[in-house]
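Spelled out, the chains give:
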Amino acid sequence: MIKLLKYLNAKECLFLFITLAFLVVQVWCNITIPDYTLKISEYLSMPDISLYWQDIVWTCVQMLFFVAGVLISSFLAQLLASIVVSGLLARIRSKIFEKVNSFSSTEINKFSIPSLITRSTNDITQLQQVYTTTLTLGLTAPLTAIFAIIKIVGLSRDYGAGNLSLVNVVSVLLLVIVITIIILLALPKFKKIQTGTDKLNMVTRENLTGLKVVRAVGAEKEQEEKFEKVNSKFAKLEFFVDKVLMLIDPSLSFVMQGTSLAIVWIVGLLAGQNPQLLLVLSAFTQYSVFIIMSFTFLSMLFMFVPRGIVSAKRINEILKTEIVLKDGNNSFDKKEQGTIEFKNVSFKYPDADEKVLENISFSIKQGQTVAFIGSTGSGKSTLINLIPRFYDCFEGEVLVDGVNVKDYTQHDLHNLIGYVPQKGVLFSGSIESNLKYGKENATDEEIKNVINISQSNFVYDLPDGLHYKVSQGGKNVSGGQKQRLSIARAIIKDPEILIFDDSFSALDYKTDKTVRKNLNKAYKDTTKVIVAQRIGTIMNADQIIVLDQGKMVGIGKHKQLLKTCQIYKEIALSQFSEEELSK
Ligand SMILES: Nc1ncnc2c1ncn2[C@@H]1O[C@H](COP(=O)(O)OP(=O)(O)OP(=O)(O)O)[C@@H](O)[C@H]1O
Ligand SMILES: [Mg+2]
């Protein structure tokens, strides 16, 4: 929790000190009030009160002044504390967002998306509460306790009330014991509650994203059971912690009332020998309440703080994660343009035992169109993900323009490449803003051009055309439309290399053909890497690479592969007849 304070800015640090000053004023005013109660008691005990009316009123006014002092300073302290804490946490949230943005799939998989969401929302809220409470109570509780103890010791000495102090010792001891038990019971559950929130989040998210499929396959009951299992476990944990925390209130009332009773009782017993004790009764009770309250707040802090520490740790884990993919230092002279080379590349996913790609070598010249084909799961997406360095290869080297991808900064490398993922992804905003993700300052002419090339002319028929509002995740755009817009977004920056991961599969045959024709015409010198399932999409490629279970089992042109590569021939025959192929 302390470590995260390094994100405070100068203004917040200043506010923090002012908050602390207001808190000291608050405690001082608070602790001074009983002095005036005592004074009033003394006046009231005088034989002829009427002589002291003016003094009594004046004392009351002074007391009210301190009461106002408590109210104002505590209001200002709370206000400043919340400004400091909300500012700090907004900054931490941005830091988390930035950091997560720099994560590769490896780091994201390490945390899991639901956990990243809980950490940047729920944990932050948790921390916000803890910081505010700690900041205010952490100072006022011990200060009040110390002042109240000093006052009580003074009163006992001045009025001969030594036995009364003992009451406080006993009540504080009692309170500390009860609250320690409560803390020991509740503490271990806090971490479990946070991980429980992660799990709830995960199940809810999975269910919501797959809602249609859940309904279509009639898996509502299974999903409900899955949710109920996590939910009831979470509810049990929360219930347990609530039950335990519920004990605080009655214990506090019991000890407080018991203390007041004990004080009255002892004063009653001793007043015969020492009538002065009656004067200090109310001041003494007030100080005792201060002490008990302070100890209760302190004990509650002991309970809150570990909760905050759990959340702070979970946040710190994100902020301190070492990024696996480190940027290169760009210190090279590029001699080539638009070339790709794989040298004995092998790859396995982090945490997996099996290699997904094995000993892959090939090279692609500028302007060539190279296609990858192979059955589902043969490693096509994995292979092309190594070009923009979404992952680092496990063995071997991947070169772009003759330079190892690890030597580029990721920003520079990604600038060379236009990548269209297997599943089209759009962001909330307008169609235009989505296309401008590809090139920030794209002109109207450029936008029109890429819409034409990617056969995305449908956008002009949408309400508001280019300004059509795309909802989150592009839900209000069809799969094929999303795919075409993803192509438009990738080509708008006119990259050296274009990568299409099965990007034509959602297009009908005619559009597929037209888009490819347009691309070949408009981006003649651009190197194109295409993953496809349809032989028709790739048969004219300069080079076709056939993958099977992560290994290269064929490389060459269509006609050549039909003769030399059995797997390619089988794929081709599953889509065309012998006659069609021999044409
Ligand atoms: N993030 C991941 N973590 C672990 N294993 C993965 C991951 N992604 C893919 N795999 C595994 O790697 C293998 C290759 O997957 P890949 O996505 O590259 O196949 P593909 O050829 O693109 O298949 P498809 O034609 O279905 O898109 C599969 O066996 C898959 O289970
Ligand atoms: Mg794939």
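Residues numbered from 1 in each chain as written. Chains lettered and ligands numbered in written order. Predicted model: local features only at pLDDT ≥ 70, side-chain atom pairs only at ≥ 80, totals over all residues. Heavy atoms only, no water.

(A) Representation of the overall build of the protein chain in the model. From N to C terminus, the protein chain includes 20 helices and 12 strands. Since a compact globule built from 583 residues should have a radius of gyration of about 25 Å, the 36 Å found for the protein chain marks it as more spread out than a globular shape. Expressed as lengths along the three principal axes of its C-alpha atoms, the size of the protein chain is roughly 125 × 50 × 45 Å. A buried classification covers 45% of the 583 residues belonging to the protein chain. The contacts in the protein chain between residues at least 6 apart in sequence include a share of 77% that link residues at least 24 apart. Across the protein chain, the centroid of the 63 positively charged side chains sits 2 Å from that of the 55 negatively charged ones. (Helix = DSSP H or I, 4+ residues; strand = E, 2+ residues; numbered from the N terminus. Rg over C-alpha atoms; globule rule 2.2 N^0.38 Å. Buried < 20%, exposed > 50% of the residue type's maximum accessible area, 1.4 Å probe, protein only. Contact = heavy atoms within 4.5 Å. Lys, Arg positive; Asp, Glu negative; His and termini not counted. Charge placed at Lys NZ, Arg CZ, Asp CG, Glu CD.)

(B) Structural detail: the packing of aromatic side chains. Throughout the structure, instances matching the rule amount to 15 aromatic pairs. Aromatic pair F103 and F111: ring centres 5.9 Å apart, planes at 0°, arrangement stacked. Ring centres 4.6 Å apart and planes at 20° place the aromatic pair F342 and F362 in the stacked group. Within this pair, whereas F342 is found in strand 1 (residues 340-347), its partner F362 is found in strand 2 (residues 357-364), the two being separated by 20 residues in sequence. With respect to class, F342 is no different from F362; both count as buried. Through a chain of ring-to-ring contacts, three or more aromatic side chains come together here, namely W28, Y36, F65 and F66. Over the ring of F240 we find K189, and its NZ or CZ is 5.0 Å from the ring centre. (Phe/Tyr/Trp six-rings, centres within 6.5 Å; stacked < 30°, edge-to-face > 60°. Lys NZ or Arg CZ within 6 Å of the ring centre and 35° of its normal.)

(C) Focus on the coordination of the magnesium ion (ligand 2). Here the magnesium ion (ligand 2) is held by S381 (OG) and Q422 (OE1), and the distances to it run 1.9 to 2.4 Å. One end of the pair, S381, is in helix 11 (residues 380-385); the other, Q422, is in the loop between strand 6 (417-420) and strand 7 (429-430), and 41 residues separate them in sequence. By relative accessible area, S381 is classed as partly exposed at 21%. (Donors = N, O, S within 2.8 Å, 3.2 Å for Na, K, Ca; no water.)

(D) Examining the domain arrangement of the protein chain more closely. Examined at the domain level, the protein chain breaks down into domain 1 (3-319) and domain 2 (340-423 + 496-582). Between the C-alpha centres of domain 1 and domain 2 there is a distance of 60 Å. (Domains from an automatic or database assignment.)

(E) View of the packing of helix 1 (residues 10-44) against helix 2 (residues 53-101). Helix 2 packs onto helix 1 with a crossing angle of 160° between their chain directions and a minimal axis gap of 7 Å. One element, helix 1, and the other, helix 2, form an angle in the roughly antiparallel class. Remark: the crossing between helix 1 and helix 2 carries left-handed chirality. In terms of residue class, the contact of helix 1 with helix 2 is built from 26 nonpolar, 11 polar and four charged. (Axes fitted to C-alpha atoms, helices over the stretch in contact; angles between N-to-C directions. Parallel < 35°, antiparallel > 145°, perpendicular 65-115°, else oblique. Left-handed = near helix turned anticlockwise from the far one by under 90°. Nonpolar A, V, L, I, M, F, W, Y, C, P; charged D, E, K, R; others polar.)

(F) Main features of the site of ligand 1. As a structural note, the neighbourhood of ligand 1 is formed by 13 residues, with G377, K380, S381, T382 and Q422 the closest of them. The backbone of S378 places a nitrogen or oxygen atom 3.2 Å from an oxygen atom of ligand 1. Here K380 contributes a side-chain N or O atom positioned 2.7 Å from an oxygen atom of ligand 1. Here ligand 1 loses 62% of its free accessible area of 630 Å² to cover by the protein chains. (Near = heavy atom within 4 Å. Polar contact = N/O pair within 3.5 Å; in protein donor to acceptor, adjacent residues only side chain to side chain. Areas by Shrake-Rupley, 256 points an atom, 1.4 Å probe, with all protein chains shown as cover.)

(G) Fine view of a nonpolar patch on the surface. Taken together, the side chains of W53, V57, W58 and V61 make up a nonpolar region of the molecular surface, amounting to roughly 450 Å² of accessible area. Judged by its relative accessible area of 49%, V57 falls in the partly exposed class. (Patch = residues over 30% accessible without salt bridge, like charges linked within 9 Å, V, L, I, M, F, W, Y side chains within 5 Å. Salt bridge = Lys/Arg side-chain N within 4 Å of Asp/Glu carboxyl O.)

(H) Representation of the pattern of salt bridges within the structure. Per the stated rule, a full pass over the model turns up 19 salt bridges. One salt bridge in this structure joins R314 and D123, with 2.7 Å as the shortest N-O distance. With R314 in helix 10 (residues 277-319) and D123 in helix 5 (residues 122-159), this residue pair connects regions lying 191 residues apart in the sequence. For the residue pair R314 and D123, the accessibility class agrees, reading buried in each case.

(I) Seen up close, the sheet that holds strand 3 (residues 369-374). Reading across from one edge, 6-9-10-3-11-12 is the order of the six strands in this open sheet, with mixed pairing throughout. With one partner strand each, in any of the chains shown, strand 6 and strand 12 (551-556) form the two edges of the open sheet. Averaged over all neighbouring strand pairs, the angle between strand axes comes to 15°, with direction disregarded. In this sheet, strand 12 lies alongside strand 11 (residues 543-548) in antiparallel orientation, the contact comprising five bridges. Paired with V546 across the bridge in strand 12 is G554. Contacting strand 6 and strand 9 (497-501), helix 15 (residues 479-491) runs over the sheet at an angle of about 175° to strand 6. Packing against the sheet, helix 19 (residues 566-575) makes contact with strand 3, strand 11 and strand 12, and its axis sits at approximately 100° to strand 11. (Pairing = 2+ DSSP bridges.)

(J) Here's a closer look at unusual backbone geometry. A positive phi angle, close to 75°, is found at D464, a residue other than glycine. A residue is classified by how much of its surface remains accessible, and D464, at 60% relative accessible area, is exposed. With phi around 50°, D502 is a residue other than glycine that occupies positive phi space. As for its placement among the helices and strands, D502 is situated in the loop between strand 9 and helix 16 (509-522).

(K) Seen up close, the environment of N168. Here N168 shows up in helix 6 (residues 162-209). Given a relative accessible area of 5%, N168 falls into the buried group. A sequence separation of 119 residues divides N168 from Y287, and the C-alpha atoms of the two residues are 9.5 Å apart. Within the structure, N168 has its side chain in polar contact with the side chain of S288 (distance 3.1 Å).

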